[in-house]
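Observations on chain architecture
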Amino acid sequence: MEIYVLDSGLNLVYITDEASSVTWHRKYFEPGEFQVVTILSQENLDAFKTGNFVWLHGQDEVGVIEHIEFRQEKDGSQSMMIVGSLATGLLRRRIILGTEYINDTVENAMRRIVNNHAVSPTDSARAIPSLVLGELKGYPERIKYQVSYANVCDELQRLGQLAGLGYRVLLDYDSKQLIFDVYKGVDRTAGQSVNSRAVFSTDYENVLEQTYIDSMRDYRNVAIVAGAGEGAERIIATVGTGSGLDRLELYIDARDLQPIDEMGNPIPEPEYIELLVNRGLTKLAQYPLNRTYDANINVVSGNLVYRQDFDLGDLVTIKNDQWGVTIDTRITEMEEVYEQTGMDVYATFGNKLPTLIDKIRKAGR
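All values reported here derive from a predicted model rather than from experimental measurement.

Broken down by element type, the protein chain carries 5 helices and 21 strands. Taken against the 2.2 N^0.38 rule, which gives 21 Å for 365 residues, the C-alpha radius of gyration of the protein chain at 22 Å falls within 12% of a compact globule. Projected onto its principal axes, the C-alpha positions of the protein chain cover 70 × 55 × 45 Å. Buried positions account for 50% of the 365 residues belonging to the protein chain. Taking all contacts inside the protein chain whose residues are at least 6 apart in sequence as the whole, residues at least 24 apart take part in 66%. Of the roughly 17,600 Å² of accessible surface on the protein chain, a fraction of 48% belongs to carbon and sulfur atoms.

Written as structure tokens, this is what we have:
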């Protein structure tokens, strides 16, 4: 696997094929990650520096180096590990200053947030060098909402989960640009007839190892959204349905949503309640039923070709008769592991159980 190292201006500074292992972890709703383990040499020391970019031959994304470790074994051999996020992680470095008032498609909302706070912000010091907006795809899902002082990446994740849209930052090496792209996976489920189908099952010999989790531990289906006002005058909206044991409630303090528009005019109460409802919907999208299927995909002799018959973001069918599992779900993560013996591909289908960091981020808004 050839690794290209680019400087902060996206200029090529080094090429190496000496890595003992490379992990390239792509994600649909949040920034991906990468890790490179290679020998410790002067050339690698000079090239692999925090702030530089790593680009794998054949990939359309790049990673930014954020962390480097050195290691010496008992036999005296030395290695270095280079870790970072894919370039979409650069958007974690920006927050939404002030308030964005949006009544538009979700795609346009995502593009507007990135443009106003990372591409062409009022304060030019906040612009991320080389970052531009990509092609407008015209996805129809709409939203009306306000957002203030949230992390840009966290907000993109909320919007993407609500509308089923992924986002990424692509490299255009020739123009030395990083391109923010909103995209939607292809429906390849067994029940549709428009696209080629992708069914993952040991029966088709396209799965080597598999794990399935069905958890409602963090699931919520009804949101109580409390907006402006005090005490009995506070405006409340209830989002979602459920009763008895099937009702799992979530309280959302949305007093940051002000009942005024961007011109300072009062918002009629029905429109303000719509803002509260949309806040509830975006929040509930973060508390889904965790039906997660993890699998080591057979990319050598399986019946499906990676990136041709299925890819990150696609809707596919999972089938395991012995476990009583047949579900249509989205590929939310793809992890490619390159070692001297070849490549392994690991896929995550559906929603993973939240980590402690995920729960902290949810509590932040």
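Before going further, it helps to spend a moment on the nonpolar core. Membership of the largest hydrophobic core comes to 60 residues, with the highest contact counts inside it found for Leu91, Leu131, Phe200 and Phe349. Per element, the largest residue contribution to this core is 7 residues, and it comes from helix α2 (residues 106–119). In this structure, Phe349 is in contact with Phe200, Arg291, Thr292, Tyr293, Ala295, Ile297, Val316, Ile318, Thr329, Arg330, Ile331 and Thr332, ignoring residues within four places of it in sequence. Tyr14, Phe34, Val36 and Met80 belong to the second-largest nonpolar core, a separate cluster that totals 17 residues.

With that settled, consider the pattern of salt bridges. Under the definition given, this model contains 21 salt bridges. Between Glu33 and Lys27 there is a salt bridge whose closest N-O contact spans 3.3 Å. Taking relative accessible area as the criterion, Glu33 reaches 37% and is therefore assigned partly exposed. For Lys27, a relative accessible area of 13% gives the class buried. With a shortest N-O distance of 2.9 Å, Arg112 and Glu100 are connected by a salt bridge. Of this pair, Arg112 sits in helix α2 while Glu100 sits in strand β8 (residues 99–105), and the two are 12 residues apart along the sequence. The class for Arg112 is partly exposed, based on a relative accessible area of 29%. Given the relative accessible area of 6%, Glu100 is considered buried.

Taken in spatial order, the 3 strands line up as β16-β15-β17 in an open sheet, and their pairing is mixed. Pairing within the sheet leaves two strands with one partner each, and these edge strands are β16 (236–240) and β17 (249–253). With direction set aside, neighbouring strand axes in the sheet form an average angle of 20°. Relative to β17, strand β15 (residues 222–226) runs parallel, the two being bridged by 5 bridges. Across the sheet, residue Ala226 finds its bridge partner in β17, namely Asp253. Packed on one face of the sheet, helix α4 (residues 269–284) meets β15, β16 and β17 and runs near 40° to β16.

This brings us to the sheet that holds strand β11 (residues 166–172). Pairing is mixed across the open sheet formed by 3 strands, whose spatial order is β9-β12-β11. Of all the strands in the sheet, just β9 (131–133) and β11 have a single pairing partner and so form its edges. Neighbour-to-neighbour, the strand axes of this sheet turn through a mean angle of 30°, independent of strand direction. Here 3 bridges tie β9 to strand β12 (residues 177–183), and the two strands are oriented parallel to one another. In the sheet register, Leu133 faces β12, and the bridge partner there is Phe180.

Under the definition given, this model contains 11 aromatic pairs. By way of ring pairs, the aromatic residues Phe200, Tyr293, Tyr306, Phe310 and Phe349 are connected into one cluster. Here Arg168 stacks its cationic end above the ring of Tyr183, 3.8 Å away from the centre of that ring.

To continue, consider the environment of Asn320. By the secondary structure assignment, Asn320 is in strand β19 (residues 315–320). With 117 residues separating them in the primary sequence, Asn320 and Asp203 have C-alpha atoms 8.2 Å apart. A polar atom in the side chain of Asn320 sits 3.0 Å from the backbone nitrogen of Trp323.

Below, the discussion takes up a nonpolar patch on the surface. Together, Ile95, Leu97 and Tyr149 line one region of the surface with nonpolar side chains, adding up to about 310 Å² of accessible area. Structurally, Tyr149 can be placed in the loop between β10 (142–148) and α3 (152–163). Of the residues examined, Tyr149 reaches a relative accessible area of 56% and is grouped as exposed.

This brings us to α3. The terminal C-alpha atoms of α3 lie 17 Å apart, and with 12 residues this matches the ideal 16 Å at 1.5 Å per residue to within 8%. Here α3 lies mainly inside the structure; 10 of its 12 residues are buried. Along α3, the residues that are buried comprise Val152, Cys153, Asp154, Glu155, Leu156, Gln157, Arg158, Leu159, Gly160 and Ala163. Where α3 begins, the side chain of Asn151 points an oxygen toward the backbone nitrogen of Cys153, at a separation of 2.9 Å. Phi turns positive one or two residues past the end of α3, at Gly164, with a value near 75°.

Side chains of Glu2, Asp17, Glu18, Glu43 and Asp46 sit close together on the surface and give a patch of like negative charge. Note that Glu43 resides in helix α1 (residues 42–47). We classify Glu43 as partly exposed; its relative accessible area is 47%.

Thresholds, definitions, all that
Residues numbered from 1 in each chain as written. Predicted model: local features only at pLDDT ≥ 70, side-chain atom pairs only at ≥ 80, totals over all residues. Heavy atoms only, no water. Helix = DSSP H or I, 4+ residues; strand = E, 2+ residues; numbered from the N terminus. Rg over C-alpha atoms; globule rule 2.2 N^0.38 Å. Buried < 20%, exposed > 50% of the residue type's maximum accessible area, 1.4 Å probe, protein only. Contact = heavy atoms within 4.5 Å. Areas by Shrake-Rupley, 256 points an atom, 1.4 Å probe, with all protein chains shown as cover. Core = buried A, V, L, I, M, F, W, Y, C linked by side-chain atoms within 4.5 Å. Salt bridge = Lys/Arg side-chain N within 4 Å of Asp/Glu carboxyl O. Pairing = 2+ DSSP bridges. Axes fitted to C-alpha atoms, helices over the stretch in contact; angles between N-to-C directions. Phe/Tyr/Trp six-rings, centres within 6.5 Å; stacked < 30°, edge-to-face > 60°. Lys NZ or Arg CZ within 6 Å of the ring centre and 35° of its normal. Polar contact = N/O pair within 3.5 Å; in protein donor to acceptor, adjacent residues only side chain to side chain. Patch = residues over 30% accessible without salt bridge, like charges linked within 9 Å, V, L, I, M, F, W, Y side chains within 5 Å. Expected span 1.5 Å × (residues − 1). Lys, Arg positive; Asp, Glu negative; His and termini not counted. Charge placed at Lys NZ, Arg CZ, Asp CG, Glu CD.

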